[in-house]
Amino acid sequence: MSEDAVEEETTRLRALGVRVRQGARDLLPTTSLTLHGGEVAVAVGPPGGGHTSLALALAGRLRLDAGRVELDGDASPRLLQAAVALVDVPGVSEPDEVVPFRTILGEELAMAKHRPSAAAIDGWLGEYDLATGITTEAVPPRPRLEILARMALLRPGTRFLVLTYPERLGLPVALWLDIANDLAGSQSRPGVLVTASRAVTIPAGVRRFTIGPTEEA
């Protein structure tokens, strides 16, 4: 199947020359990217170079100074907010480290319109062999990211996931790409964007974009 056919048949999230400024400083330098449902892509940039602002912009939660973000051609912030879930984004959706992880799971289940029963929460913890009283800071990086991403995908209407800078959790590229590919290959076929530093080596075949003026496909 041609790339054009894939683009026509899948949901598409696009950032077209988006830029966010705070005074004389760029919170998000001019950035363009395209992500399709069922696809994994990586946006690279320096630490503090717009990772969180890009996530917020894609989810329709940040006023843009230039450009637009659109989902299948529609730039409605309400549509983007419903369709794009932000996973463990520092200062935004990052869970409180000292809170019991089961509390975080209960909150996530409630957001997903699932009953946050003790049995349901214990089921998630048991699936990953996590102690019932474990704090968020004690959860190993892989299950932390994977559980939070899977729970975000449970929310009604979620079509895209943004995983922001998983390197900060100590996860190597191979592991967070495994998580992203598993999510993209799940039944609902979400598009998954991961932001990363320029230092990481992205395997051939994974679409790569730059947080900044240069777009790389």
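The shown structure was predicted, so the numbers you read here are calculated from the model rather than taken from an experiment. (Residues numbered from 1 in each chain as written. Predicted model: local features only at pLDDT ≥ 70, side-chain atom pairs only at ≥ 80, totals over all residues. Heavy atoms only, no water.)

## Structural notes on the overall build of the chain
At step 1: Along the backbone of the chain there are seven helices and eight strands.
At step 2: Against the globule reference of 17 Å for 217 residues, the chain gives a C-alpha radius of gyration of 17 Å, in line with a compact fold.
At step 3: Considered along the principal axes of its C-alpha atoms, the chain spans approximately 45 × 40 × 35 Å.
At step 4: Counting over 217 residues, the chain shows a buried share of 47%.
At step 5: Of the contacts made within the chain by residues no fewer than 6 positions apart, 70% connect residues no fewer than 24 positions apart. (Helix = DSSP H or I, 4+ residues; strand = E, 2+ residues; numbered from the N terminus. Rg over C-alpha atoms; globule rule 2.2 N^0.38 Å. Buried < 20%, exposed > 50% of the residue type's maximum accessible area, 1.4 Å probe, protein only. Contact = heavy atoms within 4.5 Å.)

## A word on helix 7 (residues 173-184)
At step 1: Compared with an ideal rise of 1.5 Å per residue, which puts twelve residues at 16 Å, helix 7 spans 16 Å between its outermost C-alpha atoms and is within 8% of the ideal.
At step 2: Taken together, the buried positions of helix 7 are occupied by Val-173, Trp-176, Leu-177, Ile-179, Ala-180, Leu-183 and Ala-184. Down the axis of helix 7, the buried side of the element spans an arc of 155°, and every buried residue falls inside it. Facing away from the buried side of helix 7, by more than 90 degrees, are the exposed residues Ala-174 and Asp-182. (Expected span 1.5 Å × (residues − 1). Arc of directions from axis to C-beta.)

## A few points about the packing of helix 4 (residues 101-111) against helix 5 (residues 118-127)
At step 1: Between helix 4 and helix 5, the least distance of the axes is 10 Å, while the angle of their chain directions is 115°. The two elements helix 4 and helix 5 cross, and the hand of that crossing is right-handed. Taken together, the residues of helix 5 that come into contact with helix 4 (itself represented by Phe-101, Arg-102, Leu-105, Gly-106 and Leu-109) are Ala-118, Ala-120, Ile-121, Asp-122, Trp-124 and Leu-125. (Axes fitted to C-alpha atoms, helices over the stretch in contact; angles between N-to-C directions. Left-handed = near helix turned anticlockwise from the far one by under 90°.)

## Topic: the pattern of salt bridges
At step 1: All told, the structure shown has 14 salt bridges when counted by the stated rule.
At step 2: With its nearest N and O atoms 2.8 Å apart, the salt bridge here joins Asp-26 to Arg-21.
At step 3: On the basis of relative accessibility, which here comes to 29%, the residue Asp-26 falls in the partly exposed class.
At step 4: A residue is classified by how much of its surface remains accessible, and Arg-21, at 30% relative accessible area, is partly exposed.
At step 5: As a salt-bridge pair, Arg-207 and Glu-39 come within 2.6 Å of each other at their nearest N and O atoms. With a gap of 168 residues between them, Arg-207 in strand 8 (residues 207-210) and Glu-39 in the loop between strand 2 (25-36) and strand 3 (40-44) connect regions that are remote in the sequence.
At step 6: Given a relative accessible area of 14%, Glu-39 falls into the buried group. (Salt bridge = Lys/Arg side-chain N within 4 Å of Asp/Glu carboxyl O.)

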